[in-house]
Amino acid sequence: ESDEIVGRILLALFLCACKYERLLFARAIAKLGGEILYKAAGDALHFIYFDSLIFCVGVESAAEIVRPFLAKESDSSSAWIEFLLTCAASSQRYGDAHGWTGLLRSCVEAPPIGNVGTFSYSLGNACSQLGNWEEACLAYEKAIQHNSLYEKRPYFWTEFGTARF
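The structure displayed is predicted, hence computed values, not measured ones.

A.B. asks: Just checking my understanding: could you explain the overall build of the protein chain for this structure?
C.D. replies: When helices and strands are counted, the protein chain shows eight helices and zero strands. Sequence-ordered secondary structure for the protein chain, helices as α and strands as β, is α-α-α-α-α-α-α-α. For the protein chain, the spread of C-alpha atoms along the three principal axes comes to 55 × 30 × 20 Å. Looking at the protein chain as shown, the accessible area adds up to about 9,200 Å², and 56% of this sits on carbon and sulfur atoms. Averaging the positions of the 14 positive and the 19 negative side-chain charges in the protein chain gives two centres separated by 3 Å.

Given below as structure tokens:
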């Protein structure tokens, strides 16, 4: 029980440090106590924890922090989906599009969950947003190689065509 109380106190300190932009303090807590913070957040605060983590260390560093303990989750796919959705939104909010693209590249190489095609498709979209058309085309091609369902989706061809144009 005392570990749980310590975890909640650390989580409160971490979230307050992020809210008031005391980022050096928040980064130190995040890097030393990532798993403790995650457990203290519980299901109700996972998104807030992930968002705050991304705010203070960036998308790619946040992934490095969470990767070891998300892999230990009994249902790691749900935890990864929560984290990746938060990354997608937070990267836009905090101007870390390059960090999001870097994370997607690493997920294409070694997917934490799911199909390489899904990550490749998302990478294609992220590269398109950055104007990196050649990499976007390669990612879309890889997406369709790993998930043939994209062939049947009109929006896929619109996005792929835009990148090729």
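A.B. asks: Before we go on, may I ask you to explain helix α3 (residues 59-70) in this structure?
C.D. replies: Every α-helix carries 3.6 residues per turn, so stepping three or four residues along brings you back to the same face. Between the first and last C-alpha of α3 there are 15 Å, a value that for twelve residues agrees with the 16 Å anticipated at 1.5 Å per step. All of the buried residues along α3 are V59, A62, A63, I65, V66, F69 and L70. Lining the buried residues of α3 we find α2 (23-57), α4 (76-93) and α5 (97-109).

A.B. asks: Would you mind going over the side chain of S52 with me for this structure?
C.D. replies: On the secondary structure map, S52 appears in helix α2. In this structure S52 touches F14, L15 and C18, once residues within four positions along its chain are discounted.

A.B. asks: Got a minute to help me understand the state of the cysteines in this structure?
C.D. replies: Defined simply, a disulfide is a covalent bond joining two cysteines at their sulfur atoms. For the structure on display, the rule yields zero disulfides. We note that C107 lacks a disulfide partner, and the nearest cysteine sulfur, in C87, lies 8.3 Å from it. Given the relative accessible area of 1%, C107 is considered buried. Of all cysteine sulfurs in the structure, the one in C137 sits closest to C127, which takes part in no disulfide; the separation is 9.9 Å. Residue classification places C127 among the buried residues on the basis of a relative accessible area of 1%.

Procedures and definitions
Residues numbered from 1 in each chain as written. Predicted model: local features only at pLDDT ≥ 70, side-chain atom pairs only at ≥ 80, totals over all residues. Heavy atoms only, no water. Helix = DSSP H or I, 4+ residues; strand = E, 2+ residues; numbered from the N terminus. Areas by Shrake-Rupley, 256 points an atom, 1.4 Å probe, with all protein chains shown as cover. Lys, Arg positive; Asp, Glu negative; His and termini not counted. Charge placed at Lys NZ, Arg CZ, Asp CG, Glu CD. Expected span 1.5 Å × (residues − 1). Buried < 20%, exposed > 50% of the residue type's maximum accessible area, 1.4 Å probe, protein only. Contact = heavy atoms within 4.5 Å. Disulfide = S-S within 2.5 Å.

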